[in-house]
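# Fold and contact review
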Amino acid sequence: SGATPAAAADTAIYNERLFLNWNRFEVLGIWEATSILSLRGGFRYTWGDAEVPPAVTPIASTNRGEIRLPAILAGATLRFGSKWSGAFDFEGSQGDRQNFFRTSLLEYNKGRAQVRYRFNQALNFNVLYSILDNRNPNPAIRLDTRIQNASAGVNWTPGNGQRLNFSGEYTY
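One structure accompanies this document, and this report is about it. (Residues numbered from 1 in each chain as written. Predicted model: local features only at pLDDT ≥ 70, side-chain atom pairs only at ≥ 80, totals over all residues. Heavy atoms only, no water.)

## Section: the layout of surface pockets
Any empty space left between the atoms is revealed when a probe the size of a water molecule rolls over them. Here the second largest pocket defines a volume of roughly 200 Å³. Lining of the second largest pocket is provided by 15 residues; of these, Leu73, Ala74, Asp89, Phe90 and Glu91 occupy positions nearest its centre. Secondary structure elements with two or more residues in the lining of the second largest pocket: strand S1 (19–32), strand S2 (37–52), strand S3 (63–80), strand S4 (84–93) and strand S5 (107–118). Broken down by class, the residue content of the lining of the second largest pocket amounts to four nonpolar, four polar and seven charged. (1 Å grid on protein atoms, 1.4 Å probe; cavity = no way out; pocket = protein on both sides within 12 Å on 5 of 7 lines; lining within 4 Å. Points joined across faces, edges and corners; volume = space filled by probe spheres on them. Helix = DSSP H or I, 4+ residues; strand = E, 2+ residues; numbered from the N terminus. Nonpolar A, V, L, I, M, F, W, Y, C, P; charged D, E, K, R; others polar.)

Listed below in structure tokens is the structure:
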């Protein structure tokens, strides 16, 4: 008594494997320009390949994909005394038309800005805004995505937080 054809097909599907090779290289430099200003800049390169066997997808042949994604990194931090600070970051890539998935980042710009105000040792307030703008101009995909996020928060730790900590945040 052998396995049924359905059981043999299930066994064949489970023996198929997704092969994924993903690598990332990043160089980032930080320069303390003044006691108020720090600058960051760098480069990130992501590369790899993937192979999805035919048993996992409805297509009869093996699907292969590659990713090649160079990105520029930049940022700054500002400190105004002990009360105010701000951090600003940017990441952008024009891609090279290769990515694993239809929804992967390809031609994108990502930005983030955060400002913090410390009222005193126990109370501080912060706001954060981030945006991601991604385009995949491949005529078969034509996927444009824009995501924006804003939040504000307050942290209160009376008595150095030994007995009570309060943190509240609103995100939109």
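## Structural notes on the nonpolar core
Counting residues in hydrophobic clusters, the biggest one holds five residues: Ile67, Leu69, Ala71, Tyr108 and Leu132. A per-element tally of this core places S3 first, with three residues. Excluding residues within four positions of it along the chain, leucine 69 makes contact with Arg44, Tyr45, Thr46, Ser93, Gly95, Leu105, Leu106 and Tyr108. (Core = buried A, V, L, I, M, F, W, Y, C linked by side-chain atoms within 4.5 Å. Buried < 20%, exposed > 50% of the residue type's maximum accessible area, 1.4 Å probe, protein only. Contact = heavy atoms within 4.5 Å.)

## Focus on the packing of aromatic side chains
Centre distance and the angle of the planes are the two values used to describe a pair of aromatic rings. With the rule as written, the count across this model stands at three aromatic pairs. With a centroid separation of 5.6 Å and an interplanar angle of 25 degrees, the aromatic rings of tyrosine 45 and tryptophan 47 are classed as stacked. The class for tryptophan 47 is partly exposed, based on a relative accessible area of 31%. Centre to centre, the rings of tryptophan 84 and tyrosine 117 are 4.6 Å apart; their planes meet at 50 degrees, and the pair counts as tilted. Of this pair, tryptophan 84 sits in strand S4 while tyrosine 117 sits in strand S5, and the two are 33 residues apart along the sequence. The class of tyrosine 117 is partly exposed, set by a relative accessible area of 22%. Among the aromatic residues, those joined into a cluster by ring pairs are Trp84, Tyr117 and Phe119. (Phe/Tyr/Trp six-rings, centres within 6.5 Å; stacked < 30°, edge-to-face > 60°.)

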